[in-house]
Amino acid sequence: MDGYKIFLASEVNPRDGMLVELNSTDPVRQIAEVFEDDETGVLSFTSFITESVPLQAIEELVARALHEFPSRHLKNPDST
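None of these values were measured; they are calculated from a predicted model. (Residues numbered from 1 in each chain as written. Predicted model: local features only at pLDDT ≥ 70, side-chain atom pairs only at ≥ 80, totals over all residues. Heavy atoms only, no water.)

Below, the discussion takes up unusual backbone geometry. Note the cis peptide between asparagine 13 and proline 14, where omega equals 5°. By secondary structure assignment, the location of proline 14 is in the loop between β1 (4–11) and β2 (17–25). (Helix = DSSP H or I, 4+ residues; strand = E, 2+ residues; numbered from the N terminus.)

Following this line, the structure appears as structure tokens:
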């Protein structure tokens, strides 16, 4: 995927969880992320830019997140 890289990271303040992050390589900047909240188990997607991003880059971001957090995407946040 030319022009983009995907990273796995963790965050503890102010959020607590893991994330898969999509960065552009030139210039280097964060484009989007899928965040897994440790407390609720909910996965969320955030885009940090308003420009267009190739769909392939977003597909690869989501695929990597579902690979890293396999059971989380099946969880219904509204169920008890």
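Once that is clear, we can look at the nonpolar core. Judged by nonpolar contacts, Tyr4, Val20, Leu22, Ile31, Ala32, Val34, Ile49, Ala57, Leu61, Ala65 and Phe69 together constitute the single largest core of 11 residues. Secondary-structure elements contributing two or more residues to this core are β2, β3 (28–37) and α1 (55–68). In this structure, alanine 65 is in contact with Val20 and Val34, ignoring residues within four places of it in sequence. (Core = buried A, V, L, I, M, F, W, Y, C linked by side-chain atoms within 4.5 Å. Buried < 20%, exposed > 50% of the residue type's maximum accessible area, 1.4 Å probe, protein only. Contact = heavy atoms within 4.5 Å.)

Summarising burial for β2: 7 of the 9 residues are buried, a large majority. Sheet topology places β1 next to β2; 8 bridges connect them, and they run antiparallel. Bridge pairing in β2 links tyrosine 4 to serine 24. Hairpin geometry of β1 and β2 is characterised by an intervening segment of 5 residues between the two adjacent antiparallel strands. For β2 and β3, the ladder comprises 9 bridges, and the chain directions are antiparallel. When the sheet's bridge partners are listed, asparagine 23 is paired in β3 with glutamine 30. The hairpin formed by β2 and β3 contains 2 residues between the paired strands. (Pairing = 2+ DSSP bridges.)

Turning to its location among the elements, serine 24 is positioned in strand β2. According to the relative accessible area criterion, serine 24 is buried, its value standing at 8%. Engagement of the side chain of serine 24 in a polar contact is seen with the backbone oxygen of proline 27, the distance being 2.5 Å. Setting aside its immediate chain neighbours within four residues, serine 24 contacts Gly3, Tyr4, Arg29 and Ile31. (Polar contact = N/O pair within 3.5 Å; in protein donor to acceptor, adjacent residues only side chain to side chain.)

On to α1, then. For α1, which comprises 14 residues, the first-to-last C-alpha distance of 20 Å matches the rise-based estimate of 20 Å (1.5 Å per residue) to within 8%. Every buried residue of α1 is listed here: Ala57, Leu61 and Ala65. On an axial view of α1, the arc spanned by its buried residues comes to 70°, and they lie on one face. Every exposed residue of α1 that faces more than 90 degrees away from the buried side is listed here: Leu55 and His67. (Expected span 1.5 Å × (residues − 1). Arc of directions from axis to C-beta.)

Right, let's talk about the sheet that holds β2 for a bit. Spatial ordering of the open sheet is given by β1-β2-β3-β4, a layout of 4 strands whose pairing is antiparallel. Two strands in the sheet have a free side with no partner beyond their single neighbour: β1 and β4 (43–47). Taking the axes of each pair of neighbouring strands and ignoring which way they run, one obtains an average angle of 20° across the sheet. Along the sheet, α1 contacts β1, β2, β3 and β4; its crossing angle with β2, the most-contacted strand, is approximately 155°. (Axes fitted to C-alpha atoms, helices over the stretch in contact; angles between N-to-C directions.)

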